[in-house]
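Observations on the model geometry
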Number of protein chains: 2
Amino acid sequence: MTAQNSDRREDLLDATVALILRGGVRRASVEGIAREARVSKGAVYLEFPSKTALVDAAVQRELSRYLHSTAARIAADPEGGRLSGIYRHSIAELLARPFMRAIYEDDGRILDGLIRGPVRYRPRVLLGEEFLRTMADAGLVRADLDPATMSHLLSVLSVGPLLAEPVLRDQSAPALEATFELLADLVVAGLEPTLRADPEAGVRAFQKLADGVTLTFDGERPR
Amino acid sequence: MTAQNSDRREDLLDATVALILRGGVRRASVEGIAREARVSKGAVYLEFPSKTALVDAAVQRELSRYLHSTAARIAADPEGGRLSGIYRHSIAELLARPFMRAIYEDDGRILDGLIRGPVRYRPRVLLGEEFLRTMADAGLVRADLDPATMSHLLSVLSVGPLLAEPVLRDQSAPALEATFELLADLVVAGLEPTLRADPEAGVRAFQKLADGVTLTFDGERPR
DNA sequence: GATTGACCAATAGTGGTCATTCGGTCAACA
DNA sequence: TGTTGACCGAATGACCACTATTGGTCAATC
């Protein structure tokens with residue numbers, strides 16, 4: 001029964017993601033989600049108190065999966081624990097995840113309203129200030145730069161290129177991956193210290209980040 | 001008479017910019033522009049063949065002014081000719097120009113439709129491939145990187161933070177200027193060669209860029 | 001007890017009307 | 001001759017009545 005219910009829960013989350021990717025949060029109706037998951041509409045409300053809670057859970061799950069996949073990439077790469085490695089793997093995983101991309105890229109107009117919806121579903125910061133302080137202590141990022149500014153910069157360097165993509169799109173423009181590759185070089189040259197420390201601490205720091213993630217949404221009461 | 005006409009032309013362009021900034025291209029009517037410039041509607045068509053041509057001219061003028069102001073900043077700064085200086089001054093001037101910002105930032109939704117309009121009015125590339133080749137020849141940017149990729153990267157590093165701004169906006173987020181400052185450091189460390197060349201060539205290269213700029217708009221026939 | 005789907009009030013969309021406003025012209029005017 | 005503003009057809013969008021769909025509930029059913 002617990003397994004049964006868990007399955008249904010997961011199925012509903014899968015269906016939610018599928019419908020959202022197909023037509024955005026607005027157009028993903030509870031009935032449609034239920035149909036996609038092959039359960040009744042009422043069953044949705046046995047698992048989740050509201051549509052909002054359902055979508056929240058889908059985003060939460062995606063974020064968690066994203067971070068753990070990224071953590072695995074990082075751990076598998078001997079140099080992965082450096083800031084540049086973390087940046088590189090975060091981007092690679094992000095680009096590989098359509099739902100994650102949609103959450104970030106969406107500014108309300110992709111495919112004429114795909115994911116058109118409240119800003120609620122858009123994580124503000126991934127690599128937080130605390131994470132960067134840990135990295136600095138481990139000698140994996142320059143200690144002379146403000147962690148808060150650096151945290152924000154890394155967000156900008158992740159989201160910025162995605163948002164700029166449709167604006168700068170041009171036949172002569174290089175692929176998104178090439179731009180990110182060059183950006184990773186800039187991160188190495190500009191944000192990592194000259195003397196090379198052991199990247200292991202970075203792996204652990206990101207692992208901790210991935211384990212501890214819980215999204216807090218804009219509205220306090222999920223309702 | 002020529003001076004008279006020139007004045008009227010300029011007045012009309014001023015009025016166009018003012019109205020566009022107030023309510024977007026769509027809502028800036030020819031009659032409103034004429035009223036703002038204190039001339040009759042018919043007079044507009046004595047100066048410009050169409051509204052499109054009028055707006056095109058306003059954008060063209062703004063771009064030209066922007067580039068020449070930037071060139072002046074660069075020339076006034078002893079280190080201005082380096083890539084980082086050019087980047088820094090371009091950004092500073094961009095941030096100081098509301099119309100320029102609107103053209104770039106706008107993705108159709110600022111102030112619910114400010115500048116909502118065709119992509120036509122959005123320059124794709126500022127520091128082109130050729131410019132970067134010249135800079136490389138002068139030893140002012142790394143010669144081992146592809147000019148096209150670098151050109152695109154610099155565009156991303158200019159537009160990206162602007163577009164990411166509303167997405168990442170947060171009480172804890174640092175000011176836009178701080179982010180750009182740090183980015184300029186990254187440009188120094190990552191894109192400039194280790195040995196320092198004479199920045200004078202960079203000043204000249206940008207000057208040439210500013211002089212030679214002519215916008216080509218998306219639609220071929222201005223009509 | 002777990003699950004369903006008919007049902008509800010509220011909201012979002014649909015098609016159609018029509019006054020307004022638009023870009024652009026040009027006869028009349030200064 | 002240079003300038004104007006009344007005027008044009010086309011396009012827009014505010015408004016309406018109406019319909020379909022929505023998130024959510026709960027008596028009936030399995």
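On a predicted model such as this, the values are computed, not experimentally measured, just so you know. (Residues numbered from 1 in each chain as written. Chains lettered and ligands numbered in written order. Predicted model: local features only at pLDDT ≥ 70, side-chain atom pairs only at ≥ 80, totals over all residues.)

**Let's talk about the overall build of chain A**
Spelled out, the test is: Only runs of H or I of at least four residues qualify as helices and only runs of E of at least two qualify as strands under DSSP, and these elements are numbered from the N terminus. Exposed residues have 12 or fewer other C-beta atoms within 10 Å of their own C-beta, buried residues have 20 or more, and residues in between are partly exposed; the C-beta atoms are placed from the backbone. Residues are scored as being in contact if the C-beta atoms we place from backbone atoms lie within 7 Å.
From N to C terminus, chain A includes 10 helices and zero strands. Listing every helix and strand of chain A by position from the N terminus yields α-α-α-α-α-α-α-α-α-α. Among the 223 residues that make up chain A, the fraction classed as buried is 40%. Considering only residue pairs separated by 6 or more positions, chain A has 67% of its internal contacts joining residues 24 or more positions apart.

**A short note on the protein's contact with DNA strand D**
The condition is simple: Only the C-beta atom matters for nearness: placed from the backbone, it must lie within 6 Å of the molecule or strand for the residue to count as near. Amino acids are sorted into nonpolar (Ala, Val, Leu, Ile, Met, Phe, Trp, Tyr, Cys and Pro), charged (Asp, Glu, Lys and Arg) and polar (every other residue, Gly among them).
Lining the immediate environment of DNA strand D, one finds 14 residues, of which Ser29 and Lys51 of chain A together with Ser40, Gly42 and Ala43 of chain B sit closest. Examining the composition of the surface near DNA strand D, we find that four residues originate from one element, helix α3 (residues 41-47) of chain B, more than from any other. Of the residues in the surface near DNA strand D, the class split is five nonpolar, five polar and four charged.

**Comments concerning the interface of chain A and chain B**
Contacts between the two partners involve 29 residues from chain A and, on the opposite side, 29 residues from chain B. Mapped by element, the contributors of at least two residues to the side of chain A that touches chain B are α8 (147-168) and α9 (176-191) of chain A.

**Concerning the relation of the copies chain A and chain B**
Cut-off, in case you're wondering: Fitting of the copies onto one another was done by least squares over C-alpha atoms, counting residues only where both copies have pLDDT of at least 70.
With an RMSD of 0.1 Å, chain A superimposes on chain B once it is rotated by 179 degrees and translated 0.1 Å along the axis. The symmetry that links the two subunits is that of a two-fold axis. No C-alpha of chain A lies nearer the rotation axis than that of Gly160 of chain A, which sits 2.0 Å from it. Looking at the interface residues of chain A, 100% of them are also at the interface in chain B, so both copies use one shared face.

**Remarks on the packing of α9 of chain A against helix α8 (residues 147-168) of chain B**
As a reminder, the rule being used: The axes used here are C-alpha line fits, helices contributing only the stretch in contact, and every angle between their N-to-C directions lies in the interval 0 to 180 degrees. Orientation is classified from the angle alone, with under 35 degrees giving roughly parallel, over 145 giving roughly antiparallel, 65 to 115 giving roughly perpendicular, and any other angle giving oblique.
Taken N-terminus to C-terminus, the directions of α9 of chain A and α8 of chain B make an angle of 80 degrees; their axes are 10 Å apart at the nearest point. The angle between α9 of chain A and α8 of chain B falls in the class roughly perpendicular. Here α9 of chain A contributes Ala178, Thr179 and Leu182 of chain A to the contact with α8 of chain B, which in turn contributes Thr149, His152, Leu153 and Val156 of chain B.

**A look at α8 of chain B**
Residues and elements named next belong to chain B. Here is the rule we go by: For a helix, the expected span equals 1.5 Å multiplied by the residue count minus one. Note that the bend at a residue is defined as the angle between axes fitted to the seven residues ending at it and the seven residues starting at it.
For α8, spanning 22 residues, the distance from its first C-alpha to its last is 30 Å, which sits close to the expected 32 Å at 1.5 Å a residue. Gly160 marks where α8 bends most, by close to 30 degrees; the proline Pro161 follows one to four residues later. Counted residue by residue, α8 has 17 buried out of 22 residues, so it is predominantly covered.

**So, helix α5 (residues 83-96) of chain A**
Residues and elements named next belong to chain A. For α5, which comprises 14 residues, the first-to-last C-alpha distance of 20 Å matches the rise-based estimate of 20 Å (1.5 Å per residue) to within 8%. For α5, the tally of buried residues reaches 11 of 14 residues, placing the bulk of the element in the interior. All of the buried residues along α5 are Leu83, Ser84, Gly85, Ile86, Tyr87, Arg88, His89, Ser90, Ile91, Glu93 and Leu94. Buried residues along α5 sit against α4 (51-76), α6 (98-105), α7 (129-137), α8, α9 and α10 (200-212).

**Some points on the UniProt feature "DNA-binding region" (unreviewed entry) in chain A**
Stated precisely, the cut-off is as follows: UniProt positions are given in the numbering used here, feature names are shortened, and annotations may be inferred rather than shown by experiment.
According to UniProt, the positions carrying the feature "DNA-binding region" (unreviewed entry) are residues 29-48 of chain A. End C-alpha to end C-alpha, residues 29-48 of chain A measures 14 Å, and it is 70% helix and 0% strand.

**As for the protein's contact with DNA strand C**
Close to DNA strand C lie 14 residues, the nearest being Ser40, Gly42 and Ala43 of chain A together with Ser29 and Lys51 of chain B. Only α3 (41-47) of chain A together with α2 (30-36) and α3 of chain B provide two or more residues apiece to the surface near DNA strand C. Here the surface near DNA strand C takes four residues from α3 of chain A, the largest share from any one element.

**Focus: the environment of Ala37 of chain B**
Residue and element names in this part refer to chain B. Locating Ala37 in the fold gives a position in the loop between α2 and α3. The exposure class assigned to Ala37 is buried, which follows from the 23 C-beta atoms found within 10 Å. For Ala37 and Pro166, which are 129 residues apart along the polypeptide, the C-alpha to C-alpha distance reads 33 Å. In this structure Ala37 touches Asp11, Leu12 and Ala15, once residues within four positions along its chain are discounted.

**A closer look at the environment of Thr179 of chain B**
Secondary-structure assignment places Thr179 of chain B in helix α9 (residues 176-191). With 24 C-beta atoms packed within 10 Å, Thr179 of chain B lands in the buried category. Residues Thr179 of chain B and Pro161 of chain B, 18 residues apart in the sequence, show an inter-C-alpha distance of 8.0 Å. When residues no more than four places from it in sequence are discounted, the contact partners of Thr179 of chain B are Thr149, His152, Leu153 and Val156 of chain A together with Pro161 and Pro174 of chain B.

**Thoughts on unusual backbone geometry**
Working note: non-glycine residues mostly have negative phi, and peptide bonds are mostly trans. All names here are of chain A. Positive phi is not limited to glycine here, since Arg38 has a value of about 55 degrees. In this fold, Arg38 is placed in the loop between α2 (30-36) and α3. Arg38 gets classed as exposed once you count the C-beta atoms within 10 Å, which come to 10.

**Focus: the confidence of the model for chain A**
We count it as follows: pLDDT: the predictor's confidence for each residue, scored from 0 to 100.
When pLDDT is averaged along chain A, the result is 87, and 85% of the positions lie at 70 or above. Note on residues 219-223 of chain A: pLDDT under 50 across the span, and seven contacts to partners over four residues away in sequence or across chains.

**Things to note about the packing of α4 of chain A against α5 of chain A**
Residues and elements named next belong to chain A. Stated precisely, the cut-off is as follows: Take the far helix as your reference; a near helix turned counterclockwise from it by less than a right angle gives a left-handed crossing, and one turned clockwise gives a right-handed crossing.
The contact between α4 and α5 brings their axes to 9 Å, and the two run at 130 degrees. It follows that α4 is oblique to α5 by the angle criterion. As for the relative orientation of α4 and α5, their crossing is right-handed in sense. Of the residues in α5, those in contact with Tyr66, Ser69, Thr70, Arg73 and Ile74 of α4 are Gly85, Ile86, His89, Ser90, Ala92 and Glu93.

**What to know about the environment of Val55 of chain A**
Residues and elements named next belong to chain A. Relative to the helices and strands, Val55 is located in helix α4. The class for Val55 is buried, based on 23 C-beta atoms found within 10 Å. The spatial distance from the C-alpha of Val55 to the C-alpha of Gly23 is 14 Å, given a sequence separation of 32 residues.

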